[in-house]
Amino acid sequence: MQTAGVGQRGTGLNVALIDFHNLDPRATTRPTIQDGLELAAELVREIFSPGMGTLPRNAVEVECRIYDGWLNRAGGYMEKYRITSSLLDTVLSLEKGVRILPRLATSLACSPGSMLTGTYKNKGQKMVDQMLAQDAHYYSEQEDYDRILVIANDDDYVPAMIAAATRWGKPIVWLRKRSSTPHDAHFAALNVDLLTAPSWS
């Protein structure tokens, strides 16, 4: 994975927006969900690690918003939410100079009190792509945030990444499973780093 310059410490905040189902669609049981969280943490640290020898007081903190079909139409939490929520503490440790602060996204960042129900509907995700896309725009316009990482492998995010980068110009790292897509040419003149990770298989 090419990360040159991406992991350098800035003066502001950092956020990672992670499409968890997209990261590993097979993550449905406790062991596989644990594996998915560990992979997400590994990818985030690869991007934001400031290098070896970093003291804990100088650690880079990364807010990690994790998206999936967490709630049914009636507003009840899915079993996957309960399992994932119980495992979040396992990725809280400080490693490689990066401290991950995970949160399961059940609302938009711009309106944290408005829980969105029905993100699991008809045996699949609903509204999740739009939630992540809208949050990418929100964090792009926030002056306090230096860097935004998006971990997703879905072309549905192409319009959102183009629009956010064009409108706000803030650095965005888009980490994908695929090495290239026909849409990559759109990002040539934008402040978007398109990266792939060998460990994401």
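This section reports on the structure supplied with the text. Here the structure is a predicted model, which means the values were calculated and not measured.

Mapped onto the elements, Gln 34 comes out in helix α2 (residues 30–48). For Gln 34, the contacting residues outside a window of four places in its chain are Leu 87 and Thr 90.

Another aspect to go through is the pairing of strand β2 (residues 60–67). When you tally the buried positions in β2, you get six out of eight residues, the bulk of the element. As paired strands, β2 and strand β4 (residues 98–104) are joined by seven bridges and run parallel to one another. Each bridged residue has a counterpart across the sheet, and for Glu 61 the counterpart in β4 is Arg 99.

Turning our attention to the pattern of salt bridges. All chains considered together, the criterion is met by seven salt bridges. Ionic pairing is found between Lys 96 and Glu 46, a salt bridge with its closest N-O pair at 3.5 Å. Placement of the pair is Lys 96 in the loop between β3 (94–95) and β4 and Glu 46 in helix α2, with a sequence separation of 50 residues. Residue Lys 96 is classed as partly exposed on the basis of its relative accessible area, which comes to 44%. For Asp 135, the salt bridge goes to Arg 65, with nearest N and O atoms at 3.0 Å. With Asp 135 in helix α4 (residues 128–140) and Arg 65 in strand β2, this residue pair connects regions lying 70 residues apart in the sequence. Overall, the relative accessible area of 7% leaves Arg 65 in the buried class.

What counts, and where the lines are drawn
Residues numbered from 1 in each chain as written. Predicted model: local features only at pLDDT ≥ 70, side-chain atom pairs only at ≥ 80, totals over all residues. Heavy atoms only, no water. Helix = DSSP H or I, 4+ residues; strand = E, 2+ residues; numbered from the N terminus. Contact = heavy atoms within 4.5 Å. Buried < 20%, exposed > 50% of the residue type's maximum accessible area, 1.4 Å probe, protein only. Pairing = 2+ DSSP bridges. Salt bridge = Lys/Arg side-chain N within 4 Å of Asp/Glu carboxyl O.

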